[in-house]
Amino acid sequence: MFVKRTVNKYKFIANILLNFVINNQSHMIQPFDDIYFMKKALQEAETAFDKGEVPVGAVVVFKDQIIARAHNLTETLNDVTAHAEMQAFTAAADFLGGKYLKNCVLYVTLEPCQMCAGASYWTQIGKIVYGASEPERDFVNLKTTLHPKTKYVAGILENECSQLLKRFFAEKRNLN
């Protein structure tokens, strides 16, 4: 009898907690949000900076899990196509075992160029989130078409992403 009452009491408490969680999900703290993942992309950009590469970093996320990390490697590989996004797309496709990234999100510290936006079209990536804008070579101003189902969000940690790029180019100018 005592055990049955205790079990029922715990079931009652569990139901209250479950209902609370269900009814308050939109108000709960989301530990894995756009800021969290952009910080991970920023870490990749720092790695590029340390290697003397233009400091752009990217991560690809699938179901709140990072499945690919990348940064610019154009100088290291002597390859103008070795942008962070291109490296991340390749790694993510390899991880998933297929070329389409429909349910994935790309977080990148700099707005994608035409080449990377074009590649995102073919990957059919679900969403692109970027930090700093690139007013001269960006996909928005150049009207590069993304996949019709791809959404994008701009300006996440924009200041931090911009400052790293500005610091990189200021140091480059001072060396010459």
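Source: prediction; values computed, not measured.

Some remarks on the packing of aromatic side chains
Thinking step 1. Inspection of every chain in the model, using the stated rule, returns ten aromatic pairs.
Thinking step 2. Considering the side-chain rings of Phe32 and Tyr36, the 5.0 Å spacing of their centres and the 75° angle between planes classify their relative orientation as edge-to-face.
Thinking step 3. On the basis of relative accessible area, Phe32 is assigned to the partly exposed category, the value being 39%.
Thinking step 4. For the pair Phe139 and Tyr152, a centre-to-centre distance of 5.3 Å together with 80° between the ring planes defines the contact as edge-to-face. Here the residue Phe139 occupies a position in the loop between strand 4 (127–132) and strand 5 (151–154), and Tyr152 occupies one in strand 5, the gap between them amounting to 13 residues.
Thinking step 5. Using a relative accessible area of 3% as the deciding quantity, one classes Phe139 as buried.

Topic: the sheet that holds strand 1 (residues 57–62)
Thinking step 1. Sheet architecture is open: five strands sit in the order 2-1-3-4-5, paired in mixed fashion. Looking along the sheet, the strands with just one partner apiece sit at the ends: strand 2 (65–71) and strand 5. Between one strand and the next, the sheet's axes are offset by a mean angle of 15°, whatever the strand orientation.
Thinking step 2. Set on the sheet, helix 3 (residues 84–96) makes contact with strand 1, strand 2 and strand 3 (104–110); between it and strand 2 the angle comes to about 145°.
Thinking step 3. Strand contacts of helix 5 (residues 158–175): strand 3 and strand 4, with the helix running at about 60° to strand 4, the strand carrying the most contacts.

Concerning unusual backbone geometry
Thinking step 1. Here Gln124, not a glycine, exhibits a phi torsion of approximately 60°, which is positive.
Thinking step 2. For Gln124, the position within the fold is in the loop between helix 4 (114–123) and strand 4.
Thinking step 3. Within the chain, Lys143 stands out as a residue other than glycine whose phi angle is a positive 60°.
Thinking step 4. Its location among the elements puts Lys143 in the loop between strand 4 and strand 5.
Thinking step 5. In this structure Lys143 comes out as exposed when scored by relative accessible area, which is 68%.

Looking at the pairing of strand 4
Thinking step 1. Across the six residues of strand 4, five count as buried, placing the element largely inside the fold.
Thinking step 2. Here strand 3 runs beside strand 4; their pairing, made up of five bridges, is parallel. By the bridge assignment, Leu106 is partnered in strand 4 with Ile128.
Thinking step 3. Read as a crossover between parallel neighbours, the route from strand 3 over helix 4 to strand 4 is right-handed.
Thinking step 4. By the bridge criterion, four bridges tie strand 4 to strand 5 in an arrangement that is parallel. Paired with Lys127 across the strands is Lys151, a residue of strand 5.

Some thoughts on the nonpolar core
Thinking step 1. Counting residues in each nonpolar core, the largest one holds 40 residues, and the members touching the most others are Met38, Val60, Leu106, Tyr107 and Ile125.
Thinking step 2. The set of elements that each furnish at least two residues to this core consists of helix 2 (34–50), strand 1, strand 2, helix 3, strand 3, helix 4, strand 4 and helix 5.
Thinking step 3. Contacts of Ile125, omitting those with residues within four sequence positions, involve Phe89, Leu101, Lys102, Cys104, Val105, Leu106, Ser120 and Thr150.

Brief notes about the side chain of His71
Thinking step 1. Relative to the assigned elements, His71 resides in strand 2.
Thinking step 2. Judged by relative accessible area, which is 10%, His71 ranks as buried.
Thinking step 3. A polar contact is formed between the side chain of His71 and the side chain of Glu44, at a distance of 2.9 Å.
Thinking step 4. Reaching out from His71, the side chain makes a polar contact with the side chain of Lys51 at a distance of 3.1 Å.
Thinking step 5. If we ignore the near neighbours within four places in the chain, the residues touching His71 are Glu44, Thr47, Ala48, Lys51, Val56, Gly57, Ala82, Ala84 and Gln87.

What counts, and at which threshold
- Residues numbered from 1 in each chain as written.
- Predicted model: local features only at pLDDT ≥ 70, side-chain atom pairs only at ≥ 80, totals over all residues.
- Heavy atoms only, no water.
- Phe/Tyr/Trp six-rings, centres within 6.5 Å; stacked < 30°, edge-to-face > 60°.
- Buried < 20%, exposed > 50% of the residue type's maximum accessible area, 1.4 Å probe, protein only.
- Helix = DSSP H or I, 4+ residues; strand = E, 2+ residues; numbered from the N terminus.
- Pairing = 2+ DSSP bridges.
- Axes fitted to C-alpha atoms, helices over the stretch in contact; angles between N-to-C directions.
- Contact = heavy atoms within 4.5 Å.
- Right-handed = clockwise from strand over helix to strand, strands pointing away.
- Core = buried A, V, L, I, M, F, W, Y, C linked by side-chain atoms within 4.5 Å.
- Polar contact = N/O pair within 3.5 Å; in protein donor to acceptor, adjacent residues only side chain to side chain.

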